[in-house]
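Secondary and tertiary structure notes
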Protein chains: 2
Amino acid sequence: MTTTELQSLIDRSLFADLGYIGADGRPAIRRVFCVWHRGMGAHLISTNTSSGHVKRLTEHPDACLYFADSEAFEGVCLTGRAAPTRDRALRELLWNDGDEKYYPLGVDDPDYCVIEFTAERAEYYRYDGKGALDAAQLDATARGRAYENGYERCRAQQAASTEGSDEA
Amino acid sequence: MTTTELQSLIDRSLFADLGYIGADGRPAIRRVFCVWHRGMGAHLISTNTSSGHVKRLTEHPDACLYFADSEAFEGVCLTGRAAPTRDRALRELLWNDGDEKYYPLGVDDPDYCVIEFTAERAEYYRYDGKGALDAAQLDATARGRAYENGYERCRAQQAASTEGSDEA
């Protein structure tokens, strides 16, 4: 897979799987809504401060973030660190109209936080083979870019793809 | 979620996410095709003997198996052990016509193996709350049952659900 194909896999995903090590030292997974990306290696996820994975990542930030397309049989596993933060600029950046439904006190709701995931390497596979990217290659994909919200583009792509398959 | 609702989440999934600890001690994830179940706690996955997760699980079988429905915002994380095996009865059980595409030497292809996942506990969440099941509760869901291939039932459910949404 080329870097462009890998970025496309990430960009067309609304969700990713966050892997971490539980308090008992055993692996755990949580599906997360993940549409804020800076290249391939940096991702932002808004979530509940009170959730089990946030508590655990605060103590032990080793994590992986996995984007996969089951039907296309392709996936990329990013290995790195997931740091929960209450940084106000990030909370404002990720806040959406209607989020009061989940966080009644708004942007400053103590239960609202952001996880910043930073990858150190990536391993990917597809039907035609597998490969890896190191930190320098991941950094190159973020060069000159700020965090971008890919939600609207992702929804538009999904709609176009559904339309295409209806016509087929 | 009731045990019936959790079993339904598993039964309508074609894929699950297998979490394990990589050789560097950090979490890793691999999406796997997972339709053979015995209740909620025991699952069979056919895969390539040569793949990275099989090599790693042979050394370090601590694993989790995660079934999730992103749109419904529900998921269940099973924690347990994932044991790669070359048991011939299991290889025969999981073999499908056409698998020669992946394993040219057939059922006895040295690259064809089965991972047997056995859960010791489960943690689940949905919009209406979260909960856990222990080993005894998981064992109860398997009582009197053999491994069953849920593929046809799953495909039929997906087709019915798509039909329903087309009509809506």
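Residues numbered from 1 in each chain as written. Chains lettered and ligands numbered in written order. Predicted model: local features only at pLDDT ≥ 70, side-chain atom pairs only at ≥ 80, totals over all residues. Heavy atoms only, no water.

A word on empty space enclosed by the protein. Across all of its chains, the model carries 2 cavities of 30 Å³ or more by this definition. Its boundaries defined by the atoms lining it, the largest cavity holds a volume of some 50 Å³. Gln7(A), Asp11(A), His37(A), Arg38(A), Gly39(A), Arg145(A), Glu148(A), Gly150(A) and Arg153(A) together form the lining of the largest cavity. Elements supplying a minimum of two residues to the lining of the largest cavity: α1 (3-11) and β3 (36-38) of chain A. The residue inventory of the lining of the largest cavity, partitioned by class, reads no nonpolar, 4 polar and 5 charged. Roughly 40 Å³ of internal volume is contained in the second largest cavity. Gln7(B), Asp11(B), His37(B), Gly39(B), Arg145(B), Glu148(B) and Arg153(B) together form the lining of the second largest cavity. In the lining of the second largest cavity, the residues fall into no nonpolar, 3 polar and 4 charged. (1 Å grid on protein atoms, 1.4 Å probe; cavity = no way out; pocket = protein on both sides within 12 Å on 5 of 7 lines; lining within 4 Å. Points joined across faces, edges and corners; volume = space filled by probe spheres on them. Helix = DSSP H or I, 4+ residues; strand = E, 2+ residues; numbered from the N terminus. Nonpolar A, V, L, I, M, F, W, Y, C, P; charged D, E, K, R; others polar.)

Next up on the list: the relation of the copies chain A and chain B. Rotating chain A by 180° and moving it 0.0 Å along the rotation axis overlays it on chain B with an RMSD of 0.0 Å. Here the transformation between the copies is reduced to the relation of a two-fold axis. A share of 100% of interface residues in chain A that are also interface residues in chain B marks the association as one of identical surfaces. (Least-squares fit on C-alpha atoms with pLDDT ≥ 70 in both. Contact = heavy atoms within 4.5 Å.)

Low pLDDT marks regions whose predicted coordinates should not be analysed in detail. Confidence in the prediction of chain A, expressed as mean pLDDT, is 94, and 97% of residues score 70 or more. Per the prediction output, this complex has pTM 0.94; the corresponding ipTM is 0.93. (pLDDT = per-residue confidence, 0-100.)

Here the focus is the state of the cysteines. Counted under the stated rule, the structure contains 0 disulfides over all chains. The thiol of Cys154(B) is not disulfide-bonded; the next cysteine sulfur, from Cys34(B), is found 11 Å away. (Disulfide = S-S within 2.5 Å.)

On to the side chain of Glu74(B), then. Residue and element names in this part refer to chain B. Within the fold, Glu 74 resides in strand β6 (residues 74-85). There is a polar contact of 3.1 Å between the side chain of Glu 74 and the side chain of Arg 12. Among all residues touching Glu 74, those that are not within four sequence positions of it are Met 1, Leu 9, Arg 12, Phe 67, Ala 68, Asp 69, Tyr 125 and Arg 126. (Polar contact = N/O pair within 3.5 Å; in protein donor to acceptor, adjacent residues only side chain to side chain.)

Residues and elements named next belong to chain A. Of all 7 residues making up strand β2 (residues 27-33), 6 are buried, and the element is well covered by its neighbours. Two strands pair when backbone bridges link them, and strand β1 (residues 15-21) and β2 are joined in this way by 7 bridges, in the antiparallel orientation. Looking at β2, one finds that Ile 21 is bridged to Pro 27. From the end of β1 to the start of β2, which pair antiparallel, there are 5 residues, and Gly 25 there has a positive phi angle of about 80°. (Buried < 20%, exposed > 50% of the residue type's maximum accessible area, 1.4 Å probe, protein only. Pairing = 2+ DSSP bridges.)

The subject of this paragraph is the interface of chain A and chain B. For an interface, size is often stated in terms of accessible area lost upon the parts coming together. Listed per partner, the contact involves 32 residues of chain A and 32 residues of chain B. Across the chain A/chain B interface, buried area totals approximately 2600 Å², and carbon plus sulfur atoms make up 51% of it. For the interface between chain A and chain B, the tally reads 8 salt bridges. Across the pair Arg31(A) and Asp17(B) runs a salt bridge, and its minimum N-O distance is 3.2 Å. (Buried area = accessible area lost by both parts, 1.4 Å probe. Salt bridge = Lys/Arg side-chain N within 4 Å of Asp/Glu carboxyl O.)

Relative to the assigned elements, Gly25(B) resides in the loop between β1 (15-21) and β2 (27-33). C-alpha separation for the pair Gly25(B) and Gly80(B), spaced 55 residues apart in sequence, amounts to 17 Å.

Residues and elements named next belong to chain A. Its identity as a non-glycine residue notwithstanding, Phe 73 has a phi of 50°, on the positive side. Note on placement: Phe 73 falls in the loop between β5 (62-69) and β6 (74-85). Residue Phe 73 is classed as partly exposed on the basis of its relative accessible area of 41%.

In this section: the packing of aromatic side chains. Going through the model one piece at a time under the given rule, you end up with 14 aromatic pairs over all chains. Seen in terms of ring centroids, Trp95(A) and Tyr103(A) are 6.2 Å apart; in terms of plane orientation they differ by 45°. Their pairing is tilted. On the basis of relative accessible area, Trp95(A) is assigned to the buried category, the value being 16%. Consider the rings of Tyr102(B) and Tyr103(B), whose centres lie 6.4 Å apart with planes at 65°: the pair is edge-to-face. (Phe/Tyr/Trp six-rings, centres within 6.5 Å; stacked < 30°, edge-to-face > 60°.)

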